[in-house]
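Chain by chain, the residues run as shown.
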Amino acid sequence: MNRRSNFLMDTHVFLWFLMESSRLSDTVLEIVRDAGSTVYVSAVSLWEISLKYSIGKLELKGTDPDAMLAAASENGILELSLTPEDCASYYL
């Protein structure tokens, strides 16, 4: 595919990629697996996973939210941090 692009994974796409990749299209799987792509997951997605898990709205099938960052790294997915400045300037 050789795309030289950046992609931000939605929380659902991130979870499906790690746990139910059959739910994703071939195109999405190609993009994530392509060495020419830089794929990110937001710290907000990791927070959302942890929050939903803690209130019982998300089952992670034999793992827990602590393992999500390592799983991202193992799959070449980079974590995109969110700073206080990002939060305070979102309205711009």
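As a reminder, the structure under discussion sits directly above these lines.
Residues numbered from 1 in each chain as written. Predicted model: local features only at pLDDT ≥ 70, side-chain atom pairs only at ≥ 80, totals over all residues. Heavy atoms only, no water.

Visitor: Can you break down the overall build of the chain residue by residue, with the values?
Guide: Scanning the chain from N- to C-terminus turns up five helices and three strands. Along the chain, helices (α) and strands (β) appear in the sequence β-α-α-β-α-α-β-α when read from the amino end. Principal-axis analysis of the C-alpha atoms places the extent of the chain at approximately 40 × 40 × 20 Å. When the 92 residues of the chain are sorted by exposure, 26% land in the buried category. Partitioning the intrachain contacts of the chain with sequence separation of at least 6 by distance along the chain shows that 73% fall at a separation of at least 24. Carbon and sulfur atoms make up 51% of the accessible area of the chain, which totals about 6300 Å². Separation of charge centres in the chain, based on 7 positive and 13 negative side chains, amounts to 7 Å. (Helix = DSSP H or I, 4+ residues; strand = E, 2+ residues; numbered from the N terminus. Buried < 20%, exposed > 50% of the residue type's maximum accessible area, 1.4 Å probe, protein only. Contact = heavy atoms within 4.5 Å. Areas by Shrake-Rupley, 256 points an atom, 1.4 Å probe, with all protein chains shown as cover. Lys, Arg positive; Asp, Glu negative; His and termini not counted. Charge placed at Lys NZ, Arg CZ, Asp CG, Glu CD.)

Visitor: Now, about the nonpolar core: what can you tell me, with residues and values included?
Guide: Of all hydrophobic cores here, the largest spans 15 residues; its most connected members are M9, F14, F17, I49, M68 and I77. Residue assignment for this core shows that the elements contributing at least two residues are helix 1 (11-19), helix 2 (26-33), strand 2 (38-42), helix 3 (43-54) and helix 4 (68-74). In terms of residue count, helix 1 provides more of this core than any other element does, three residues in total. Beyond its immediate sequence surroundings of up to four residues, F14 is in contact with M9, V41, L46, I49, M68, A72 and I77. (Core = buried A, V, L, I, M, F, W, Y, C linked by side-chain atoms within 4.5 Å.)

Visitor: Any details on the environment of K61? Residues and values, ideally.
Guide: Structurally, K61 is set in the loop between helix 3 and helix 4. A residue is classified by how much of its surface remains accessible, and K61, at 54% relative accessible area, is exposed. Those residues in contact with K61 that lie beyond four places of it in its chain are M19 and E20.

Visitor: Let's hear about the side chain of T11: which residues, and what values?
Guide: Within the fold, T11 resides in helix 1. A polar side-chain atom of T11 sits 2.7 Å from a polar atom in the side chain of S45. Setting aside anything within four residues of it in sequence, one finds T11 in contact with S45, E48 and I49. (Polar contact = N/O pair within 3.5 Å; in protein donor to acceptor, adjacent residues only side chain to side chain.)

Visitor: With reference to specific residues and values, describe the layout of surface pockets.
Guide: One water molecule sets the probe size; rolling that probe over the atoms shows where empty space is left. Reported here for the largest pocket is a volume of approximately 220 Å³. When residues of the lining of the largest pocket are traced back to their parent elements, those giving at least two are helix 1 and helix 3. With five residues, the single largest contributor to the lining of the largest pocket is helix 1. Residue classes in the lining of the largest pocket are distributed as six nonpolar, two polar and five charged. (1 Å grid on protein atoms, 1.4 Å probe; cavity = no way out; pocket = protein on both sides within 12 Å on 5 of 7 lines; lining within 4 Å. Points joined across faces, edges and corners; volume = space filled by probe spheres on them. Nonpolar A, V, L, I, M, F, W, Y, C, P; charged D, E, K, R; others polar.)

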